[in-house]
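Okay, here's what each chain looks like letter by letter:
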Amino acid sequence: MARSNAGDGVGATGMAEAPLNNEMMFHRSMSTSSCLFTEDEDMTRTALSEFKAKESEIERRKMEIRERVQAQLDRVEEETRRLATIREELESLADPTRKEVLMIRKKIDSVYKELRPLSYSVQKKQREYKEAVDAFNEKNLEKIQLITKLMELAGESENLRLKKLEDLSKSI
């Protein structure tokens, strides 16, 4: 390349060759990098398509899960409505019964209040009667025993009389 300064023409061709070599090398490097670029591009496209496929699968699964969750929510909501209806029915049935029970309790309480003094009075009289009977039994036990003995004696004397009458009648 230094010869081209001499002007013999040989140097000029040397100069012309150098740019051709550089161009060729550039094209060669471009074709090699384009080959690499194509491989990288293919790998990127494959990775991108795999990513999109996975993303699509994730979205599909998300939709399935959302649908299942929504179905469960619908069932829960329906069951809640059904239970609320049953509760209302039970409350409507229990309400008159509750009122009746309250009225009956009030009546029982008022009767109990009326009977409480009577109960104390009856218990008091019952104790008095029991004490009187116990006192009568203790005081009159001796009298009862005496009367029983007299009745036995009277029965014995009656037997003696009957025996005497019988003996007398035989003798006649």
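Just so it is clear, the model here is predicted, and its values are computed rather than measured.

Concerning the overall build of the chain
Alright, step 1. Regarding its fold elements, the chain presents 1 helix and 0 strands.
Alright, step 2. The burial tally for the chain puts 2% of its 172 residues in the buried class.
Alright, step 3. As displayed, the chain offers around 16300 Å² of accessible surface, 60% of which is attributable to carbon and sulfur atoms.

Brief notes about the pattern of salt bridges
Alright, step 1. All told, the structure shown has 6 salt bridges when counted by the stated rule.
Alright, step 2. Between Glu64 and Arg60 there is a salt bridge whose closest N-O contact spans 2.3 Å. Taken together, the residues span about one helical turn, with Glu64 and Arg60 both in helix α1 (residues 10-171) at a distance of 4 residues.
Alright, step 3. For Glu77, the salt bridge goes to Arg81, with nearest N and O atoms at 2.9 Å. One end of the pair, Glu77, and the other, Arg81, are both in helix α1, 4 residues apart, so they sit about a helical turn from each other.
Alright, step 4. One connected set of salt bridges, linked through shared partners, spans Glu57, Arg60, Arg61 and Glu64.

Notes on a nonpolar patch on the surface
Alright, step 1. On the surface, Leu83, Ile86, Leu90 and Leu93 cluster together into a nonpolar patch covering about 390 Å² of accessible area.
Alright, step 2. Residue placement: Leu93 occurs in helix α1.
Alright, step 3. By relative accessible area, Leu93 is classed as exposed at 60%.

A word on the confidence of the model for the chain
Alright, step 1. On average, residues of the chain score 75 in pLDDT, and 73% of them reach the 70 mark or higher.
Alright, step 2. Within the model, pLDDT remains below 50 along residues 1-17, and this stretch shows 8 contacts once partners closer than five positions in the same chain are excluded.

Cut-off values and rules
Residues numbered from 1 in each chain as written. Predicted model: local features only at pLDDT ≥ 70, side-chain atom pairs only at ≥ 80, totals over all residues. Heavy atoms only, no water. Helix = DSSP H or I, 4+ residues; strand = E, 2+ residues; numbered from the N terminus. Buried < 20%, exposed > 50% of the residue type's maximum accessible area, 1.4 Å probe, protein only. Areas by Shrake-Rupley, 256 points an atom, 1.4 Å probe, with all protein chains shown as cover. Salt bridge = Lys/Arg side-chain N within 4 Å of Asp/Glu carboxyl O. Patch = residues over 30% accessible without salt bridge, like charges linked within 9 Å, V, L, I, M, F, W, Y side chains within 5 Å. pLDDT = per-residue confidence, 0-100. Contact = heavy atoms within 4.5 Å.

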